[in-house]
Amino acid sequence: MTSALLPVFQRAPVLFEYGEGAWLTASDGERYLDFGAGIAVNALGYSHPHLLAALERQGRKLWHLSNVYRIPEGERLAERLTSACFADVAFFANSGAEANECAIKIARRHQDACGRPERWRVITFTGAFHGRTLATMAAGGNPKYLEGFGPMTDGFDLCPLEDIEAVRASVGSQTAAIMVEPIQGESGIRPVSHTFLRQLRDLCDEQGLLLIFDEIQCGMGRTGHLFAHQELGVAPDVMTLAKGLGGGFPIGACLATTDAARGMMPGAHGSTFGGNPLAVAVANAVLDVVHDDSFLAEIRRKGNLLHTRLEEVAKRFPGLIAEVRGRGLMLGIRTSHPPHEIVEALRTQAKALTIAAADNVTRVLPPLIVTDEEIRLFAECCDAAFAYLSKRAA
Ligand SMILES: Cc1ncc(COP(=O)(O)O)c(C=O)c1O
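Asks: Describe the site of the ligand, listing the residues and the values that go with them.
Replies: Residues in contact with the ligand amount to 13 residues; listed here are only the nearest, G96, A97, D214, Q217 and K243. Residue F129 places a main-chain N or O atom 3.2 Å away from a nitrogen atom belonging to the ligand. Contact distances for the ligand include 3.2 Å between an oxygen atom and a side-chain N or O atom of K243. Here the shell around the ligand gets three residues from one element, more than from any other, and that element is helix α4 (residues 96–113).

Here you go:
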């Protein structure tokens, strides 16, 4: 079918009409078990009553208000997010890439305000994904995304993960910050070791650099901790969030300590829609549910259960599945087949949805409200899809 949409996505040939919990229903009435959750966005699944009520309530009051006025729900969200972590202040954006742009600007302005304007470069890591704006593409450094767009935005120095000596050698007189995902998502669910994050923290402290954690995919409860780094006991100076923060309503956030953000004053940054009353009302409702010790403990328990079930599937298909990895409900299945084939087999043969990533990894990112029964069903779907693939290969 021809379409007037810019053809930048390869879309699956299925049309979803509505969703409830972890389930999507297509136009032909077929139900799909969604273990992709809009790439870790629909944290509370579809049509969550608490989110619907918050959206409806705010929708009747006020949809949009310029940031030249006070937005009390945004002030409340900033207060709640910052008091739950290392940060003191928050800026609201509309997406992950924008939140990262804010983090990069905060780092450059920090150094400028400290009398070191020559420090403006950011060290990032191979396999990283930080978004699709010109700067965040350069930060990720993936040649596939950069190709054909002319000179890459300058200011990013790529290092290999887990190699602190390489990072140390990359720090120069122009370095302002180090930016890292505590668990790389797009590159195939790669948790960064506690040791390496600690080494980055120490290096930043020693050299006067800011440490930025991109928790856009791994934050907001996904690992069974409100923020992934909290499990590891290494805090950054700046952290970015998006995806699960709005549970499906577009919102991003950049959180920072007062010291990190010392260069940001009125006029230094902005956004027309960022922190829109609807977005912050829904994000507050997401936080009502997710920022709860027993809810987070359940995510850890269900994450272990899902991991165990997937390990059992892996044992049944040793020729196809090489590894199950990840933390909490952020898991990846590394296979001998390209992940697009796994995603397609799961969708067409078992009516289950997952997301492809690099390194032959299929991402398994169910909504955080997933039930034990749905986890059991998903393992059955995997059995069916891998049985189909191994029969096809025979
Ligand atoms: C870790 C990480 N950072 C940044 C982004 C970009 O977010 P957005 O697509 O909302 O701009 C993503 C999106 O997948 C991500 O996973």
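Structure's up, so let's keep going.
Asks: I'd like a description of the domain arrangement of the protein, backed by residues and values.
Replies: Its domain assignment divides the protein into domain 1 (17–47 + 293–393) and domain 2 (49–290). When each unit is reduced to the centre of its C-alpha atoms, the spacing between domain 1 and domain 2 is 27 Å. Taken over both partners, the interface formed by domain 1 and domain 2 buries close to 2500 Å², and the fraction arising from carbon and sulfur atoms is 62%. When the buried surface of domain 1 facing domain 2 is broken down by residue, L44, R327 and M330 rank first, second and third, together holding 31% of it. Seen at the junction of domain 1 and domain 2, the total is one salt bridge. At the boundary of domain 1 with domain 2, the tally comes to ten residue pairs in polar contact (both at pLDDT 80 or more). Ranked by residues supplied to the side of domain 1 that touches domain 2, first place goes to helix α11 (residues 293–316) with four residues. When grouped by side-chain class, the residues that make up the side of domain 1 that touches domain 2 number 18 nonpolar, five polar and five charged.

Asks: I'd like to hear about the layout of surface pockets, residue by residue, with values.
Replies: One water molecule sets the probe size; rolling that probe over the atoms shows where empty space is left. By volume, the second largest pocket is sized at about 640 Å³. Together, 25 residues line the second largest pocket, and N67, A90, F91, F92 and H269 are the ones closest to its centre. Looking at which element gives the most residues to the lining of the second largest pocket, the answer is strand β4 (residues 89–93), with four residues. Of the residues assigned to the lining of the second largest pocket, the class counts are 16 nonpolar, seven polar and two charged.

Asks: Summarise the packing of helix α12 (residues 339–350) against helix α13 (residues 372–393); cite the residues concerned and give the values.
Replies: Taken N-terminus to C-terminus, the directions of α12 and α13 make an angle of 115 degrees; their axes are 9 Å apart at the nearest point. Considering the angle they form, α12 stands roughly perpendicular to α13. Between α12 and α13 lies a crossing of right-handed hand. Contact residues: α12 offers E341, I342, A345, L346, Q349 and A350, while α13 offers C381, C382, A384, A385, F386, Y388, L389 and R392. For the contact of α12 with α13, the residue count by class is eleven nonpolar, one polar and two charged.

Asks: Describe the pairing of strand β7 (residues 175–180), with residues and values.
Replies: Buried residues dominate β7, accounting for six of its six residues. One ladder, built from three bridges, connects strand β5 (residues 121–125) with β7; its direction is parallel. Along β7, the bridge assignment pairs V122 with A177. With four bridges connecting them, β7 and strand β10 (residues 210–214) associate as parallel partners. Counted as the bridge partner of M179 is I212 from β10.

Asks: So what about the nonpolar core? Which residues, and what values?
Replies: The nonpolar side chains of a soluble globular protein tend to be buried with one another. The biggest cluster of nonpolar side chains holds 65 residues, and the ones touching the most others in it are L81, F227, L241, L306, L310, F378 and F386. With nine residues, the single largest contributor to this core is helix α10 (residues 277–290). Looking at which domains feed residues into this core, each of domain 1 (17–47 + 293–393) and domain 2 (49–290) gives three or more. Every residue in contact with F386, bar those within four places of it in the chain, is listed here: V313, F317, L320, I321, I333, T335 and I342.

Asks: Account for the packing of helix α3 (residues 72–83) against α10, naming residues and giving values.
Replies: Their axes nearest at 9 Å, the elements α3 and α10 cross at an angle of 35 degrees. Pair α3 / α10 crosses with left-handed handedness. Across from E73, G74, R76, L77, R80 and L81 in α3, the residues of α10 making contact are V280, A281, A283, N284, L287 and D288. Its residues assigned to classes, the contact of α3 with α10 shows six nonpolar, two polar and four charged.

Asks: Account for the sheet that holds strand β1 (residues 16–20), with residues named and values stated.
Replies: Spatially, four strands are ordered β1-β2-β3-β15 in an open sheet, and the strand pairing comes out mixed. The strands lining the two open edges of the sheet, one partner per strand, are β1 and β15 (352–353). Packing of α13 onto the sheet brings it into contact with β2 (23–26), β3 (31–34) and β15, and relative to β3 it is tilted by some 105 degrees.

Asks: Tell me about the side chain of H130, and name the residues and values.
Replies: By the secondary structure assignment, H130 is in the loop between β5 and α5 (134–140). For H130, a relative accessible area of 2% puts it in the buried group. A polar atom in the side chain of H130 sits 2.8 Å from the side chain of D214. The residues contacting H130, other than those within four sequence positions of it, are A97, N100, T124, T136, A139, G140, M179, E181 and D214.

Asks: If you had to explain the sheet that holds strand β12 (residues 252–256) to someone new, which residues and values would you point to?
Replies: Spatial ordering of the open sheet is given by β4-β12-β11-β10-β7-β5-β6, a layout of seven strands whose pairing is mixed. A strand with exactly one partner marks an edge of an open sheet, and here the two such strands are β4 and β6 (156–159). Within this sheet the neighbouring strands show an average axis-to-axis angle of 20 degrees, counted without direction. Relative to β6, β5 runs parallel, the two sharing four bridges. Its bridge partner being in β6, V122 is matched across the sheet by F156.

Reading the values: the criteria
- Residues numbered from 1 in each chain as written.
- Predicted model: local features only at pLDDT ≥ 70, side-chain atom pairs only at ≥ 80, totals over all residues.
- Heavy atoms only, no water.
- Near = heavy atom within 4 Å.
- Polar contact = N/O pair within 3.5 Å; in protein donor to acceptor, adjacent residues only side chain to side chain.
- Helix = DSSP H or I, 4+ residues; strand = E, 2+ residues; numbered from the N terminus.
- Domains from an automatic or database assignment.
- Buried area = accessible area lost by both parts, 1.4 Å probe.
- Salt bridge = Lys/Arg side-chain N within 4 Å of Asp/Glu carboxyl O.
- Nonpolar A, V, L, I, M, F, W, Y, C, P; charged D, E, K, R; others polar.
- 1 Å grid on protein atoms, 1.4 Å probe; cavity = no way out; pocket = protein on both sides within 12 Å on 5 of 7 lines; lining within 4 Å.
- Points joined across faces, edges and corners; volume = space filled by probe spheres on them.
- Axes fitted to C-alpha atoms, helices over the stretch in contact; angles between N-to-C directions.
- Parallel < 35°, antiparallel > 145°, perpendicular 65-115°, else oblique.
- Left-handed = near helix turned anticlockwise from the far one by under 90°.
- Contact = heavy atoms within 4.5 Å.
- Buried < 20%, exposed > 50% of the residue type's maximum accessible area, 1.4 Å probe, protein only.
- Pairing = 2+ DSSP bridges.
- Core = buried A, V, L, I, M, F, W, Y, C linked by side-chain atoms within 4.5 Å.

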